[in-house]
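# Architecture and fold: a report
Listed below are the residues making up each chain.
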Amino acid sequence: MRGCWALIPLILGAGSAAGLLEVSMGRFVDVKLDRSSPTEFILQNIPANVSLILFQAHSQYLNVTLSFSKVQTTNGSETGNDAGLLTVLLPKQTNCTWYLETSHPGPQLASVVTVPYTERDPIPGACNLEFNLDIDPNLYLQYNLYETVIKFAPANLGHAREASAAACDVQVSQDSRWRLQYDIYQYFLPENNLNDSVLMTHLQKMSMVPQVITNGVKLATLISSDRTSMSFSSIPGQGVIYNVVVRDPLLSTSAAYVPVHTYACNFTASMDSCATLGRVSTKVFFTLCAVYGLFICFFGHRFLKAEFFAMGYIIFGFLIFVLLTRASHLNYDARLALTAFTGIIGGLLLVAYWWRFGCIYLCVLLVGLVLGFLVASTIFFTPIGDYATFRNDTVFWLTFTCITLLVPVCLLPCPKILNILTCSLVGSYTVVLAIDSYLYTSLSYITLNVLKRALNSDFSTAYTSVPFQTNDFVIIAIWVALVFSGVTTQLYRERGRPPFPPTPYLIWKRDKERRITNILDPSYHTPPLRDRLLASLARFRDLFRKEQPLGERTPLLL
C-alpha cells in the first residue's frame, strides 16, 4: 500500500533525526515546516484492529502539501491549508509514513494528527468520482462575498484489512453505501481573533468524531441520495470550522472527514485583508449614518422633516443598491456613492410630499414599512430562517413581505406610537451597523442576510447561522438601552402636544391668505417715514409741556 511499509530497524532508530518525526494516534503535533526539505512522519505499532489511518495536516492560510512518498503524484498527494490522506492498511502492517512540505520561503507553523478507524467504521471519501485522490476524505471549500460552499466525496462501508471494498455503484440497498448518512457540523472560532495558535487549538475540537459531536453544532443531515455539498453565509473576518461526520445507522458507527476552516477573507491582500477588514468609505458612511440615527432615535418625532428624510433615504437607498448590484458592473465605491445620492433624492421626495399634501397616514405607513422590514429581518435572523420551508424563494419573500406589511398596518391606528417606535428602533440600529464597520458583531447580519439574498439568487440554499459571543451580548444591551431611552424620551417630550404638527404647506397658505386680507384694512398700512417722525416730535413736545410747572412758564407778552 502507498506510503505504508514495514520499517527496518535502521530507520526505526532515526526517529529523532532532522526532518523525521514520530507521531501517535489521536495526538496533535505542532511542527515548523521548511521549504528546503519535506518533513517525514512515522506512525508505529499500529494495533491489528485498526483498518484505516487518516493523517491530517493544518495551517492557517498558507498551503501545505501532504503525500504518501517523497515523489509527489497526482493521486497520491493533497495540497491545501487543511489536507488529509487516508491509508487502508495491509493485513500485517504495523507502520506508516507520510511526507509534509511547504513552498513558503519562511518557517511555517502546521499541526498534524493521525486518526484511526476500525473495519466497522465508514470510510470517508471512499466513493470519490470527482476529485484526484482514489480515497478522498477532504472537504473542499470555496467562498465569496455572499456564501461559503463545502463539497466532499461520498463515503463507503468499512471493511477488514484483508477484505475488498464494497462496490460504490451497487443498486440502493441496506447492504450498500446508500444507507450512510452525513451530519454537517459548524464551529465558530473566538471573535476578532486571527491568531494561528488559537486556530490550531480549536481544530483539535473538530477533528475526531467524539469531539465534533460535543463541540460542533449540527446544521443538517444528508442522505446518500442528496448532493454532497452545503452552502453557508459568508462572515468575513470570523473564523469558522466545518466538518462532516458520516454515520452507518445499521452498525451504529461513524467516521469524520478532514475539518476545513475559513475566515472568508484573504490574509495576504494588500487592502481589505483579514487584519484590516472594512473600507474607509464604508466606515465614513456608516459613522455619519449613526450620528444621524442617534438624532432620530431621540428627537425624530419632534423633527418630522428630519425623520421623513431619513426613512425616505433608507427606502430609496436600499432599492437602488439592490438594483445597481444586480444590473450593473460598477465597483463597490461607485455603487455606494450612487446609493447615497439616490437616498438623498428619496428623502427629499418624501419630505416634499408631506410638506405639500400632508397625508400623515401615508407618510407614517412608509415609515412603518422600514420598521416592518427590520422586524421581519430579525425573525429570519433567528433559527426560523434556516427552516427548509424558507429555502424556497417564493415562500421566503412572500412571508417576509407579509410580516413587513403586517407591522405598520397593525400599528397604523396609533400613528404617533408607530412613528416613535420606528424612530427609536431604526435610529439605534444604525449605531449597531456603525460598530460593525469597526468591530465585528453578528447583529449586522440581521439585515445583511436579507440584502445578500436579494443580491444573490443562489443564497437561498445557504445556512445563515452566525456566532453569538461576548461582543454580541454587549451590543445587544447597548441596542436595547438606546431603544428604551429613545422611546421614553420622545413620549415624555411629546406629552400634551398634538400627535402631529400641521402641514407646513397649510400653514404657509393660511399666512398668505391672512396677509392678503389685511391689505384691505387701513390699519394694516404703515405711514410714511416723514409723518412718523413729525408724530414722534409732537408726542415729545406734548410730554414736555405736561411736565413743565405752571408758575415757571415764560409769558409770551410783557
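So, here's what we can say about the structure. Keep in mind that this is a model prediction, so the values were computed, not measured.

A few words on the overall build of the protein chain. In terms of helices and strands, the protein chain carries 13 helices and 18 strands. Expressed as a percentage of its 558 residues, the buried residues of the protein chain come to 47%. Nonlocal contacts in the protein chain, meaning residues at least 24 apart in sequence, comprise 76% of its contacts between residues at least 6 apart.

Sheets are built from strands paired through backbone hydrogen bonds, the pairs being either parallel or antiparallel. As summarised here, the arrangement of the four strands in space is 2-9-4-7, forming an open sheet in which the pairing is antiparallel. Where the open sheet ends on each side, the last strands, each with one partner, are strand 2 (29-33) and strand 7 (82-88). Going across the sheet, the axis of each strand differs from the next one's by a mean of 25 degrees, ignoring polarity. Against the sheet, helix 2 (residues 196-203) contacts strand 4 (50-58), strand 7 and strand 9 (108-118), and its axis sits at roughly 5 degrees relative to strand 9.

Notably, asparagine 45 is not glycine yet its phi reads approximately 55 degrees, a positive angle. Tracing the backbone through its elements, the reader meets asparagine 45 in the loop between strand 3 (39-43) and strand 4. Backbone geometry places alanine 264, a non-glycine residue, at a positive phi of 55 degrees. Tracing the sequence through the fold places alanine 264 in the loop between strand 17 (260-262) and helix 4 (280-299). Using a relative accessible area of 11% as the deciding quantity, one classes alanine 264 as buried.

Attention shifts here to helix 10 (residues 445-455). Of all 11 residues that make up helix 10, 10 are buried, and the element is covered over most of its length. Residues Tyr445, Ile446, Thr447, Asn449, Val450, Leu451, Lys452, Arg453, Ala454 and Leu455 constitute the buried set of helix 10. Close packing links the buried residues of helix 10 with strand 14 (229-233), helix 5 (304-327), helix 7 (360-381), helix 8 (393-411), helix 9 (415-438) and helix 11 (470-493).

This part is about the side chain of serine 424. Tracing the backbone through its elements, the reader meets serine 424 in helix 9. You can call serine 424 buried: its relative accessible area is 0%. Of note is the side chain of serine 424, whose polar atom sits 3.1 Å from the backbone nitrogen of valine 487. When residues no more than four places from it in sequence are discounted, the contact partners of serine 424 are Cys297, Val483, Gly486, Val487 and Gln490.

What follows concerns the pattern of salt bridges. Tallied over the full model, the rule gives four salt bridges. Close ionic contact of arginine 247 with aspartate 183 constitutes a salt bridge, the shortest N to O distance being 2.6 Å. One end of the pair, arginine 247, is in strand 15 (residues 240-248); the other, aspartate 183, is in strand 12 (residues 181-188), with 64 residues separating them in the sequence. Assessed through its relative accessible area of 25%, arginine 247 is described here as partly exposed.

All right, on to a nonpolar patch on the surface then. A surface patch of nonpolar side chains, amounting to about 550 Å² of accessible area, comprises Phe316, Phe341, Ile344, Ile345, Leu348 and Leu349. It is helix 6 (residues 332-356) that provides the largest number of residues to the nonpolar patch, a total of five residues. Assignment of secondary structure puts phenylalanine 341 in helix 6. For phenylalanine 341, a relative accessible area of 53% puts it in the exposed group.

What follows covers the sheet that holds strand 14. What the four strands build is an open sheet, ordered 10-11-14-18; its pairing is mixed. Both outer strands of the open sheet, strand 10 (139-143) and strand 18 (462-463), are each paired with one neighbouring strand and no more. In the sheet, strand 10 pairs with strand 11 (residues 147-152) via five bridges, with the strands oriented antiparallel. Residue pairing for strand 11: tyrosine 143 is matched across the bridge by threonine 148.

The rules behind these values
- Residues numbered from 1 in each chain as written.
- Predicted model: local features only at pLDDT ≥ 70, side-chain atom pairs only at ≥ 80, totals over all residues.
- Heavy atoms only, no water.
- Helix = DSSP H or I, 4+ residues; strand = E, 2+ residues; numbered from the N terminus.
- Buried < 20%, exposed > 50% of the residue type's maximum accessible area, 1.4 Å probe, protein only.
- Contact = heavy atoms within 4.5 Å.
- Pairing = 2+ DSSP bridges.
- Axes fitted to C-alpha atoms, helices over the stretch in contact; angles between N-to-C directions.
- Polar contact = N/O pair within 3.5 Å; in protein donor to acceptor, adjacent residues only side chain to side chain.
- Salt bridge = Lys/Arg side-chain N within 4 Å of Asp/Glu carboxyl O.
- Patch = residues over 30% accessible without salt bridge, like charges linked within 9 Å, V, L, I, M, F, W, Y side chains within 5 Å.
- Areas by Shrake-Rupley, 256 points an atom, 1.4 Å probe, with all protein chains shown as cover.

Spatial relationships are all this shows, so hold off on functional conclusions.
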